[in-house]
Amino acid sequence: MLDWNDLRYFLAVARTGSTVAASKALGVNQSTVQRRLAILEEGVGCKLVERHPTGYQLSELGKDLVPCAASVEEAIATFERRLIAGNKGLTGTIRLTCPEALVNQLVKPLVDAFHAHFSGTRVDLIVTERILDLAKGEADIAIRGGEPRDDVLVGRKISDNPW
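Residues numbered from 1 in each chain as written. Predicted model: local features only at pLDDT ≥ 70, side-chain atom pairs only at ≥ 80, totals over all residues. Heavy atoms only, no water.

## Comments concerning the sheet that holds strand β5 (residues 141-142)
Read across the open sheet, the 3 strands follow the order β4-β3-β5; overall the sheet is parallel. The outermost strands of the open sheet, each flanked by one partner alone, are β4 (121-127) and β5. Relative to β4, strand β3 (residues 92-98) runs parallel, the two being bridged by 7 bridges. What sits directly across from Arg 95, in β4, is Asp 124. (Pairing = 2+ DSSP bridges. Helix = DSSP H or I, 4+ residues; strand = E, 2+ residues; numbered from the N terminus.)

Structure below.
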């Protein structure tokens, strides 16, 4: 039977070209990557990768299956995001600032998509050309064009929500 987790190892090898790089990307031992890849190949009954002196290369079937595996990965990530959002019942207000030029083409569609996923939240849009100070709490999120300035960038973790 196919274990969906084994696809992570297959994708990591496909993306990095080696089990060493894949193990670093996944935060596991190289032997774990090799073992899980072998289990996947045994489970599907086909060779997906071929070992070469320069690293791993995908078999023709492996190449064909990478987009499918990537789709599964994305579907699982979407499932997890929605599950987290649904379980936490995210509520509250987010203050977002941006210049007027970005509102209709960029920000409004993003806010609408956000509301579709998190209906319990409210986004207060502060439309201004002035750069608000995030560190002082003048806004939670700022969308700006141009070159970033280190003196106005602030990063703070609000939650573990991957959305």
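Anyway, onward from the coordinates.
## So, the pattern of salt bridges
All told, the structure shown has 8 salt bridges when counted by the stated rule. Between Arg 122 and Asp 124 there is a salt bridge; the shortest N-O distance is 2.7 Å. By sharing partners, the salt bridges in this structure join Asp 3, Asp 6 and Arg 36 into a single network. (Salt bridge = Lys/Arg side-chain N within 4 Å of Asp/Glu carboxyl O.)

## A closer look at the packing of helix α1 (residues 4-16) against helix α3 (residues 30-44)
Relative orientation of the contacting elements α1 and α3 amounts to 115 degrees, with a least axis distance of 9 Å. Regarding the angle of α1 to α3, the classification is roughly perpendicular. Helix-helix and strand crossings are classified by hand; for α1 and α3 the assignment is left-handed. Listed contacts from α3 to Asn 5, Asp 6, Leu 7, Tyr 9, Phe 10 and Val 13 of α1 are Thr 32, Val 33, Arg 36, Leu 37, Ile 39 and Leu 40. Each residue belonging to the contact of α1 with α3 can be placed in one class, and the counts come to 8 nonpolar, 2 polar and 2 charged. (Axes fitted to C-alpha atoms, helices over the stretch in contact; angles between N-to-C directions. Parallel < 35°, antiparallel > 145°, perpendicular 65-115°, else oblique. Left-handed = near helix turned anticlockwise from the far one by under 90°. Contact = heavy atoms within 4.5 Å. Nonpolar A, V, L, I, M, F, W, Y, C, P; charged D, E, K, R; others polar.)

## A short note on a nonpolar patch on the surface
A grouping of Leu 2, Trp 4, Val 44 and Ile 76 is seen on the molecular surface, where their side chains present a nonpolar patch of about 350 Å² in accessible area. Tracing the sequence through the fold places Leu 2 in the segment before α1. A relative accessible area of 36% places Leu 2 in the partly exposed class. (Patch = residues over 30% accessible without salt bridge, like charges linked within 9 Å, V, L, I, M, F, W, Y side chains within 5 Å. Areas by Shrake-Rupley, 256 points an atom, 1.4 Å probe, with all protein chains shown as cover. Buried < 20%, exposed > 50% of the residue type's maximum accessible area, 1.4 Å probe, protein only.)

## Some details on the nonpolar core
Grouped together as the largest cluster of nonpolar side chains are 15 residues, with contacts concentrated most on Phe 10, Val 13, Leu 37 and Val 49. Broken down by element, this core gets its largest block of residues, 6 residues, from α1. Not counting the four nearest positions on each side in its chain, Phe 10 is found in contact with Leu 37, Leu 40, Leu 48, Val 49, Leu 58, Gly 62, Leu 65, Val 66 and Ala 69. Ranked by size, the runner-up nonpolar core spans 9 residues in total, among them Cys 98, Val 103, Val 111 and Ile 143. (Core = buried A, V, L, I, M, F, W, Y, C linked by side-chain atoms within 4.5 Å.)

## With respect to helix α2 (residues 19-26)
Taken as a whole, α2 has its buried residues at Thr 19, Ala 22 and Ser 23. Buried positions in α2, seen along its axis, are confined to an arc of 100 degrees and lie on one side of it. Exposed residues on α2 whose side chains face more than 90 degrees from its buried face are Lys 24 and Ala 25. On its buried face, α2 sits against α1, α3 and β2 (55-58). Just past α2, the residue Gly 27 takes up positive phi, approximately 75 degrees. (Arc of directions from axis to C-beta.)

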